[in-house]
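# Breakdown of the fold
The lines below spell out each chain.
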Amino acid sequence: MQLTKRVPGELRLGLMAAACALLVQPAQSQEAVTLASDDEKPLQVDAGVLYYKESAGRIQSYDAIVTLRKDFGDEHILGLNGAYDSLSGGSPTGAVPTKAAQTFATPSGTSLKATNGAPVTYTTSSGRKVAQLETVTVYTVSTGALPLDTGFHDQRVAGDLSWSQPFEQNNHVALGGHLSHEQDFQSISGNASFSRDFNAKNTTLGLSGNAEFDKVSPVGGVPVFGSDYTQLLKGGDRNKQVTGGQLGLTQVLARNWITQLNLSYDSSSGYLTDPYKIVSVINTLGVATGYRYESRPESRSRRSIYLGNKVALGRTVLDISLRHGTDDWGSSNDTVDARYRIPLLGDDLYIEPHLRYYQQTAADFYSLFVSSAAAIPTYLSADPRLAAFSAKTVGFKVGMKLDQDNEVSVRIEAYKQDAKVHSSTLAGLSGLDLNPSLQSFICQLNWRFNY
Amino acid sequence: MAGDLAVSMRAAQLCAATFTAMSCPCEVLIETADAQAARRLGAVAAAEAWRIEAKFSRYRPDSIISRINASGGQPMLLDDESASLLDFAARCHELSGGAFDVTSGVLRKAWRFDGSGKVPDQVTVDALLQRVGFGRLSWNPPHISLPQGMELDFGGIGKEYAVDRALALVAMQCDVAVLVNFGGDMATNHAPATGPWSVGVERPDTDREARLLLDFAAGGMATSGDTHRYIEVDGVRYGHILDVKTGFPVVGAPRSVTVAAGSCVEAGLMATLAMLQGVRAENFLVEQGAQHWCLR
């Protein structure tokens, strides 16, 4: 029997809509039998080299980085990361330029024996025994020049191992470890994270923690905090521990907009001082009367809040983030970072301009120099990295997909850092730039392929 | 999986490409005299049918369905196509008030529709019913986790889906009229210049004599019936469509229900849902305003 009534019932309307939704999917091409995404994937290799150079004969480095990523299926992912860096050049010692030539010792005088063969030792007021250096190499910094320890040279080898996988429904767990080795610094750390998806994967809540243990074994030993530089009072290796945690929320706000909010906290303890940094002792005339080894508190806690956004605007993608951090050394910082990815010639080529602005306030114990007219403070540092400064990064990245499995990219960036305070009115220092701007240049080449 | 494809002329302007897929005879009728073109288009349809069969057949140990069934309750991530099919199955389950259920396949372990005349005991059926129910699996697109012991079967959707997919692929490559027919489930892009396709519906339990000749000009058409698959005990005929609530075949359903609709998927589901209504099949189809032909 054939019927004439053709008004669709509610069930049929629902079925029509469901059938439409099923069939509206793009047809699969017949030869390309799509594999389920829980299949094992090829090994993804990311190989890159990076060249970093600071102006005015300061640091330069060559880095090689290889990242391997293997998806064993069903999001069970193993990550391996290896890096080799070679650094050389001059690093500011912390001493200010003066109108007279200045002479310093490299930290590399390593003889721990007196000429008669007996070990030279020194006992601190706290009872700790330290060795005193006997022979040192000296170098002279000319009038008005920023004192740099130009003998700086180091190599770093580092490796990371990580594993992540789904855990029951909607959960992910990840574990990772990191090892790094330098001549004067060893670091080992581990991290663990847990995340859970809610709300049909539109919301992800993550919690992670990490612990790091470092051993500092400076060339020539660890200087006694705040001690007179000419005494070269140095002791043995020191340690440092860092523990931290992060709480993150990722939310899909619209079809083309994803946002992320992270709250981080970490706490360091142990040896947080830079063993190679000193502070000029300046008299009321502006003349250097001596130098002190720097001294920093033996604990530091840092907090930060980060808000990131990725917004797809047509075929372009805007990535903009804000970060605010504070620490109990009295320093705070703010970062604005923006990247804009623009596809060119289809999707095989893209250019991504990058702008970043950063500013920080100085640590409480930071000063360009200390005065010989007052008592030497317990904590002191003239490390430019603890000064108040602002920094701008301008750069771009160009990437090109050679085929389905190969992508190459080049990143070029310029960086400029300007200290807020870099002069003094004292007669002996007037007219000198005590904390000159730092300019640097980064070039990175990357090749990503599937093996 | 590749297989044989034969091409023959059926009329002056009609070529047929025939092959076997999903355990049934398949044909693609193309309004052309160009046998070479017909072979090319037929190959497109056949490749798609074989692709879908390989991907979703529960008889293939490497199919997605087999892997889900062997997952032992572990969550699995589905690709877009599998996820769409499962979404569709979920929607059909919901629309039918639970009557249509892609997890009902395990009930087959109790029923053998080979005409042998054996009805399983209630204990066996009850035990199997513990392993049935779409509500028991967790489907959080694109993650599925199917509890141990349960089985998924796209048998009630897969062939119709393959028909619509194959037609879409063939129609993308030509303008002429095409009819894709996989074992009686069919779809066409449009009628040939000479007038609508004429489709014969076999009368159940007679020797392939066409009882009905239907005009078919657009969309999909599908038939659900127990022509060859039934058990008859003491004069009661148990069809192969099982009621997931009782674990027993639906009683009082027509021998066959043929539905015409916008797509083969829609037609096939409408026919299946009508069969599940048993004695109410015709009423149901009338209420839903579906173009249909029932044979009792």
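The paragraphs below set out a description of the structure included in this document.

Basis of the calculations
- Residues numbered from 1 in each chain as written.
- Chains lettered and ligands numbered in written order.
- Predicted model: local features only at pLDDT ≥ 70, side-chain atom pairs only at ≥ 80, totals over all residues.
- Heavy atoms only, no water.
- Helix = DSSP H or I, 4+ residues; strand = E, 2+ residues; numbered from the N terminus.
- Buried < 20%, exposed > 50% of the residue type's maximum accessible area, 1.4 Å probe, protein only.
- Contact = heavy atoms within 4.5 Å.
- Areas by Shrake-Rupley, 256 points an atom, 1.4 Å probe, with all protein chains shown as cover.
- Pairing = 2+ DSSP bridges.
- Polar contact = N/O pair within 3.5 Å; in protein donor to acceptor, adjacent residues only side chain to side chain.
- Core = buried A, V, L, I, M, F, W, Y, C linked by side-chain atoms within 4.5 Å.
- Expected span 1.5 Å × (residues − 1).

Further remarks concern the overall build of chain A. When you go through chain A residue by residue, the secondary structure sums to one helix and 25 strands. Residues counted as buried form 41% of the 451 residues belonging to chain A. Within chain A, counting contacts between residues at least 6 apart in sequence, those at least 24 apart form 63% of the total. Roughly 23300 Å² of accessible area belongs to chain A as shown, and the carbon and sulfur atoms make up 59% of that amount.

Bringing the overall build of chain B into the picture now. When its secondary structure is counted, chain B shows seven helices and 15 strands. Per-residue burial over chain B gives 57% buried out of 296 residues. Partitioning the contacts of chain B with sequence separation of at least 6, the portion at a separation of at least 24 is 60%. Approximately 12100 Å² of chain B is accessible, and the part contributed by carbon and sulfur atoms is 50%.

A few words on the sheet that holds strand E22 (residues 370–371) of chain A. Spatial strand order, E17-E16-E22 (chain A): three strands in an open sheet with mixed pairing. Single-partner strands in this sheet number two, and they are strand E17 (288–293) and E22 of chain A.

Quick look at the side chain of Thr-188 of chain B now. Residue and element names in this part refer to chain B. With respect to the helices and strands, Thr-188 occurs in strand E8 (residues 185–188). Under the relative-accessibility criterion, Thr-188 is labelled buried at 4%. At 3.1 Å, the side chain of Thr-188 forms a polar contact with the backbone oxygen of His-190. Not counting the four nearest positions on each side in its chain, Thr-188 is found in contact with Leu-167, Val-178, Leu-179, Trp-197, Phe-216, Ala-217, Ala-218 and Gly-219.

On to the nonpolar core. Residue and element names in this part refer to chain B. Phe-19, Phe-88, Ile-144, Leu-152, Phe-154, Phe-182 and Leu-285 are the most contacted members of the largest nonpolar core, which totals 81 residues. Examining the composition of this core, we find that ten residues originate from one element, helix H6 (residues 264–276), more than from any other. Setting aside residues no more than four positions away along its own chain, Phe-154 makes contact with Phe-56, Ile-65, Leu-85, Leu-86 and Val-102. With 15 residues, the next largest nonpolar core counts Ala-16, Ala-177, Leu-214 and Leu-295 among its residues.

Moving on, we get to the sheet that holds strand E4 (residues 76–77) of chain B. Residue and element names in this part refer to chain B. Strand order in the open sheet formed by three strands is E4-E6-E5, with antiparallel pairing between adjacent strands. The strands lining the two open edges of the sheet, one partner per strand, are E4 and strand E5 (138–140). Of the strand pairs in this sheet, E4 and strand E6 (residues 143–145) are connected by two bridges, and their pairing is antiparallel. Across the sheet, residue Leu-77 finds its bridge partner in E6, namely His-143.

Residues and elements named next belong to chain A. Within the secondary structure, Leu-285 is located in the loop between strand E16 (278–282) and E17. In sequence terms Leu-285 and Leu-429 are 144 residues apart; their C-alpha atoms lie 8.4 Å from each other. Here Leu-285 is in contact with Leu-426, Ala-427 and Gly-428, once residues within four sequence places are set aside.

Moving on to helix H5 (residues 155–173) of chain B. Spanning 19 residues, H5 of chain B covers 28 Å between terminal C-alpha atoms, matching the ideal 27 Å at 1.5 Å per step. Looking only at H5 of chain B, the buried set comprises Ile-157, Gly-158, Glu-160, Tyr-161, Ala-162, Val-163, Asp-164, Arg-165, Ala-166, Leu-167, Leu-169 and Val-170 of chain B. In this structure, the buried side of H5 of chain B is in contact with helix H1 (10–23) of chain A together with helix H1 (35–56), helix H3 (80–95), strand E7 (178–182), E8 and H6 of chain B.

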